[in-house]
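One-letter residues, chain by chain:
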Amino acid sequence: MNLTGMMLIGGQGVAGRRDMIRALDPSTDQPLEPGYAGADREQVEQACALAWEAFDAYRETAPETRARLLETIADEMEALGDGLIERAMVETSLPRARLHGERGRTCGQLRLFARTLRAGEWLDARVDPAMPQRQPLPRADLRQRQVALGPVAVFGAGNFPLAFSVAGGDTASALTAGCPVVVKAHPAHPGVSELTGRVIRQAVADCGLPGGVFSLLITDGHALGRQLVEHPAIAAVAFTGSRRGGEALMRAAALRPRPIPVYAEMGSLNPVLALPHALAARAEAMAAAWVDALTLNAGQFCTCPSLLLAVEGEDLERFRRAAANAAAAKPADTMLTPAIHDAYQSALHRLRRTPGVAERAFGQAGGGPYAAQAALFEVDAAGFAARPELAEEIFGPCALTVACRDQDELLSIVAGLDGQLTATLQMDDADLPLARELLPLLEARAGRVLANGFPNWVETSPAMVHGGPFPASSDSRATSVGLAAMDRFLRPVCYQNLPAALLPPQVADDNPLRLWRRVDSAWSQS
Ligand code: NAP
């Protein structure tokens, strides 16, 4: 597939002016063509200025126009066929089937937002008619709708080159809300980013929208990422990646003269609680399924279930034996980048030297230069509670099982956990009383609570929540997947006593858009 080595600024292909960034095939350690000269400060400035210029026109486009934009992006991403998937395979070493699934999910998400735009409920329009006779004080005429926040800076994730990258959920939800987008591509997959970016640029042009609605910056190094966050035109930031990166952007945004929200999704341990009856009934099958989920794509999921909690005893030992056998049989799998591989190796080294932590199993060695072995470690609950570093995410196919003395200790370990993206109960009906005690603790700590199954797959459906209390994400009220993802880029405006001629159609008396609205607190389409 023809790649130009250029980024995209306001509808134009532009060559960068800084050092060359070259993707690497992590399975062979070979650099990939073409090189991408990185953006400089002036080019970041230009992309932000164009986004700002485009904002006023774009935010008030008809929902139908934005819906067509999203659908065109989805159609054209599919039309790229295997070329897109094959470039993603060499840049990330992720398998073909996974990338096909990821593209399906990306396009599904774009189309879900298009349907939402047409339905109009996202505007959450409200009309509270005036009550001039109300005693002791009359009520003014009050109307509310949601408006777009402003241009959004999106930091693409390294581990999802499609679904959390240039055309992923952050971009899709910002464009849906009426916000222009400036994407900072993840430097590990510039080729996939260029291909996807060109699709968006073309769709913007085909829909007759200003070029500044979308720019794609290809650059590495933290300074330009910070410049983007600090630029006065940028109204919000969406990020998926490391806790260190997310916190750095949160700090930069908070220190601006006009602070802005940063929606950072920073990963999680995704605890799995193997409850006693389920463990007794199916320890071996549960262990095999857990190791499959743990090692899927070298564990490089923010939803990788890397912490298992259970009450000690023979059933937990059966589980650990079966998990050790399953992990030992797993072939090593190539990681996304040399840096991620190095970070994984260092984390294993640290765990091996942590007092109270025992190695239980390692997967097969070998594979390419950046292949990761599966690894299982064990600790008791007191040891886990005493060492807060054991509750830090290790990005890769490594897990810790924690043995609790009894159910009370299990409850207290859960109560001590930080915020999580997900928490999973492995349970049978007989576990319901304990599950009922655990549920309030899990709700308070996780964005998504599952029963049985494993959390890796994040469905792009209206009810999904992909977020959670800090440090899983920077704002526990937000999700980066599912319909509510667009709420991050909207804000409410109230119109008080405006003359009818001045009211936006979403809150006008005759409801020309036939929206479902809350009129005097009751749902109405008239
Ligand atoms: P990352 O280091 O957080 O980088 C993600 C993006 O943020 C990159 O574009 C990076 O730019 C930028 N960035 C990072 N720190 C920054 C800072 N201080 N200032 C400005 N920009 C900054 O993530 P990664 O490269 O994908 O992987 C590194 C580690 O992140 C992994 O080992 C893993 O622990 C974690 N991770 C977590 C998730 C998750 O699901 N939450 C996903 C992927 C990775 P430059 O690289 O150009 O500087």
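Residues numbered from 1 in each chain as written. Predicted model: local features only at pLDDT ≥ 70, side-chain atom pairs only at ≥ 80, totals over all residues. Heavy atoms only, no water.

Draft legend 1. Expanded view of the overall build of the protein chain. A tally of regular secondary structure across the protein chain gives 14 helices and 25 strands. Scaling as 2.2 N^0.38, a compact globule of 526 residues should have a C-alpha radius of gyration of about 24 Å, and the protein chain matches this with 25 Å. Along the first, second and third principal axes, the C-alpha atoms of the protein chain reach 75 × 65 × 40 Å. Within the protein chain, the fraction of its 526 residues that count as buried is 56%. Counting only contacts in the protein chain whose residues sit at least 6 apart along the sequence, the fraction spanning at least 24 positions is 76%. Surface exposure of the protein chain reaches about 20900 Å², of which carbon and sulfur atoms provide 53%. Between the mean site of the 49 positive side-chain charges and the mean site of the 59 negative ones, the protein chain shows a separation of 4 Å. (Helix = DSSP H or I, 4+ residues; strand = E, 2+ residues; numbered from the N terminus. Rg over C-alpha atoms; globule rule 2.2 N^0.38 Å. Buried < 20%, exposed > 50% of the residue type's maximum accessible area, 1.4 Å probe, protein only. Contact = heavy atoms within 4.5 Å. Areas by Shrake-Rupley, 256 points an atom, 1.4 Å probe, with all protein chains shown as cover. Lys, Arg positive; Asp, Glu negative; His and termini not counted. Charge placed at Lys NZ, Arg CZ, Asp CG, Glu CD.)

Draft legend 2. Structural context of the side chain of arginine 445. Position of arginine 445 among the secondary structure elements: in helix H14 (residues 432–445). Buried within the structure, arginine 445 lacks any salt-bridge partner; aspartate 418 is the closest side chain of opposite charge, at an N-O distance of 7.7 Å. Arginine 445 has contacts with Val414, Ala415, Leu417, Asp418, Gly419, Gln420 and Pro469, leaving out every residue within four places of it along the chain. (Salt bridge = Lys/Arg side-chain N within 4 Å of Asp/Glu carboxyl O.)

Draft legend 3. Broad picture of the nonpolar core. Within the largest apolar cluster, 88 residues are counted, with the highest numbers of intra-cluster contacts made by Leu69, Ile73, Met77, Leu217, Leu228, Val237 and Phe489. For this core, the element with the highest residue contribution is helix H1 (residues 41–59), accounting for 7 residues. Contact partners of valine 237, with chain neighbours within four places excluded, come to Ala153, Phe155, Val229, Leu249, Ile260, Pro261, Val262 and Tyr263. Counting residues in hydrophobic clusters, the runner-up holds 38 residues, among them Leu351, Phe362, Ile394 and Leu411. (Core = buried A, V, L, I, M, F, W, Y, C linked by side-chain atoms within 4.5 Å.)

Draft legend 4. Layout of the packing of aromatic side chains. A full pass over the atoms with the stated rule returns 7 aromatic pairs. Where phenylalanine 160 meets phenylalanine 164, the ring centres are 5.1 Å apart and the plane angle is 70°; that geometry is what we call edge-to-face. For phenylalanine 160, a relative accessible area of 5% gives the class buried. The rings of Phe160, Phe164 and Phe301 are connected pair by pair, giving a single aromatic cluster. The positively charged end of arginine 98 is found above the aromatic ring belonging to phenylalanine 160, 4.2 Å away from the centroid. Directly above the aromatic system of tryptophan 457 lies the positively charged group of arginine 105, at a separation of 5.5 Å from the ring centroid. (Phe/Tyr/Trp six-rings, centres within 6.5 Å; stacked < 30°, edge-to-face > 60°. Lys NZ or Arg CZ within 6 Å of the ring centre and 35° of its normal.)

Draft legend 5. Expanded view of the site of the ligand. Near the ligand you find 22 residues, and of these Lys184, His222, Gly241, Ser242 and Cys302 are the closest. Relative to its free-state accessible area of 860 Å², the ligand is covered by the protein chains to the extent of 86%. When residues in the shell around the ligand are grouped by element, the largest group, 3 residues, is from helix H8 (residues 243–254). Split by residue class, the shell around the ligand holds 9 nonpolar, 10 polar and 3 charged. For the shell around the ligand, the two domains that each supply at least three residues are domain 1 (9–19 + 51–129 + 151–266 + 478–488) and domain 2 (271–451). (Near = heavy atom within 4 Å. Nonpolar A, V, L, I, M, F, W, Y, C, P; charged D, E, K, R; others polar. Domains from an automatic or database assignment.)

Draft legend 6. Structural context of the pairing of strand E15 (residues 307–311). Along E15, 5 of the 5 residues are buried, which leaves the element largely enclosed by surrounding structure. Of the strand pairs in this sheet, strand E14 (residues 271–274) and E15 are connected by 3 bridges, and their pairing is parallel. By the bridge assignment, leucine 273 is partnered in E15 with leucine 309. On the question of chirality, the crossover connecting E14 to the parallel E15 by way of helix H9 (residues 276–295) is right-handed. In this sheet, strand E20 (residues 398–404) lies alongside E15 in parallel orientation, the contact comprising 5 bridges. From the neighbouring strand, leucine 307 faces E20, where its bridge partner is leucine 400. (Pairing = 2+ DSSP bridges. Right-handed = clockwise from strand over helix to strand, strands pointing away.)

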